[in-house]
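Take a look at the letters that make up each chain.
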Amino acid sequence: MLVIGLTGNIAAGKSAVAARLAEFGAPIVDADVLSREAVAQGTLALKAIAARFGAQVLTPDGQLDRAALRAIVFTDPAAREALNAIVHPEVARLRDAAVARHRAEGAPLVVCDIPLLFETGLDAAMDLIVLVDAPVATRRERLIRHRRLAPADADAMIAAQMPAEAKRARAHFILENDGTPEQLQRQVDALWTKLLRAANA
């Protein structure tokens, strides 16, 4: 079974690509979904987060207050590293279990949707890597227009990620998402054919 890494910087269009691949029947293991599962109420990871950052990062009913935690770690690299040290191992465990389940079910490939694929070194665990990319100006406009971010916040989020140029050099397939949704969809359709061919080789 081929393990495909799907990644892309913020507002590049990775989610749209994952959705299209899912329509073809590709199993999608979504890192964002696993991240939420990892810190669900009652988990060891959530208890560790509360112990490290205090009750201020919990809601009154004991769930993770994502906005409060984000406010702490966004501007504090040491706090962010501490959070990652708690969450990433648990997400990895959940991802490995999901991949193993799809392998046991006989899937020819599985797509691991991981925003920070290169930043976390997980590219080494993938058989093939698909990068969704768009120019910085296009991604900035999407963040401001569609996600209603202030320009300064959009710039900060873009600057916090590894430059796309470094990722492009390490990807096996690059989907250019600087056109219409239909143009992106045609690229995904062609990609699916290539991935199936590689999985059945």
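Structure first, text after, so check above.
In this text, all values refer to a predicted model and were calculated from it rather than measured experimentally.

J.: Honestly, the sheet that holds strand β3 (residues 109–113) in this entry has me stumped. Any pointers?
T.: Backbone-to-backbone hydrogen bonds join strands into a sheet, with any given pair of strands oriented parallel or antiparallel. Strands sit in the order β2-β3-β1-β4-β5 across an open sheet of 5 strands; the sheet is parallel. Because the sheet does not close on itself, it has two edges, and the strands there are β2 (28–30) and β5 (173–176). On average, adjacent strands in this sheet sit at an angle of 20° to one another, irrespective of strand direction. Relative to strand β4 (residues 128–133), strand β1 (residues 2–7) is paired through 4 bridges, and the arrangement is parallel. Bridge pairing links Gly5 to Ile129 in β4. Helix-sheet contacts for helix α1 (residues 14–23) involve β1, β2, β3, β4 and β5, and the interaxial angle to β1 is about 145°. In the packing of helix α5 (residues 77–104) onto the sheet, contacts are made with β1, β2 and β3, and the angle to β3 comes to roughly 160°.

J.: Help me out: how do you make sense of the packing of helix α3 (residues 44–53) against α5 in this one?
T.: When two helices pack together, their arrangement is given by the angle between the helix axes and by the axis-to-axis distance. Contact pair α3 / α5: the axes reach a minimum separation of 9 Å and the direction vectors enclose 155°. In terms of orientation, α3 lies roughly antiparallel with respect to α5. Crossing geometry of α3 relative to α5 is assigned as right-handed. Side by side, α3 and α5 meet where Ala45, Ala48, Ile49, Arg52 and Phe53 of the first sit next to Ala78, Ala79, Ala82, Leu83, Ile86 and Val87 of the second. Of the residues belonging to the contact of α3 with α5, the class tally is 10 nonpolar, no polar and 1 charged.

J.: Is there a simple way to explain the packing of aromatic side chains in this structure?
T.: Given two aromatic rings, one states the distance between the centres and the angle between the planes to describe the pair. Per the stated rule, a full pass over the model turns up 1 aromatic pair. Here Phe24 and Trp192 contribute two aromatic rings whose centre-to-centre distance is 5.5 Å and whose plane-to-plane angle is 5°, an arrangement assigned as stacked. With Phe24 in the loop between α1 and β2 and Trp192 in helix α9 (residues 181–199), this residue pair connects regions lying 168 residues apart in the sequence. Using a relative accessible area of 33% as the deciding quantity, one classes Phe24 as partly exposed. Just above the ring of Phe53 sits the side chain of Arg52; from NZ or CZ to the centre is 4.7 Å.

J.: I tried to follow the side chain of Asp133 on my own but got confused; where do I start?
T.: Among the structural elements, Asp133 can be located in strand β4. Take Asp133: its relative accessible area is 7%, and that puts it in the buried class. If sequence neighbours within four positions are ignored, Asp133 has contacts with Ala12, Arg139, Ala164, Arg168, Leu175, Glu176 and Asn177.

J.: Please explain the pairing of β4 as it appears in this structure.
T.: Remark: a regular strand shows side chains that alternate across the two faces of the sheet. The buried fraction of β4 is high, at 6 of 6 residues. Every second residue of β4 is oriented toward a common face, with Leu128, Val130 and Val132 on one face and Ile129, Leu131 and Asp133 on the other, all of them buried. Summarising the sheet, β4 and β5 pair through 4 bridges and their orientation is parallel. The residue bridging Asp133 from the neighbouring strand is Glu176, located in β5.

J.: Please clarify how the nonpolar core should be interpreted in this entry.
T.: A general tendency of soluble globular proteins is for nonpolar side chains to be buried together. With 32 residues, the main nonpolar core has Ile49, Phe53, Leu69, Leu83, Val87, Cys112 and Met126 as its most contacted residues. Breaking this core down by element, the ones donating at least two residues are α2 (31–38), α3, α4 (66–73), α5, β3 and β4. Core analysis: the second largest hydrophobic core is formed by 19 residues, Ile4, Leu6, Leu109 and Leu191 among them.

So, how was this worked out
Residues numbered from 1 in each chain as written. Predicted model: local features only at pLDDT ≥ 70, side-chain atom pairs only at ≥ 80, totals over all residues. Heavy atoms only, no water. Pairing = 2+ DSSP bridges. Helix = DSSP H or I, 4+ residues; strand = E, 2+ residues; numbered from the N terminus. Axes fitted to C-alpha atoms, helices over the stretch in contact; angles between N-to-C directions. Contact = heavy atoms within 4.5 Å. Parallel < 35°, antiparallel > 145°, perpendicular 65-115°, else oblique. Left-handed = near helix turned anticlockwise from the far one by under 90°. Nonpolar A, V, L, I, M, F, W, Y, C, P; charged D, E, K, R; others polar. Phe/Tyr/Trp six-rings, centres within 6.5 Å; stacked < 30°, edge-to-face > 60°. Buried < 20%, exposed > 50% of the residue type's maximum accessible area, 1.4 Å probe, protein only. Lys NZ or Arg CZ within 6 Å of the ring centre and 35° of its normal. Core = buried A, V, L, I, M, F, W, Y, C linked by side-chain atoms within 4.5 Å.

Geometry only, nothing functional implied.
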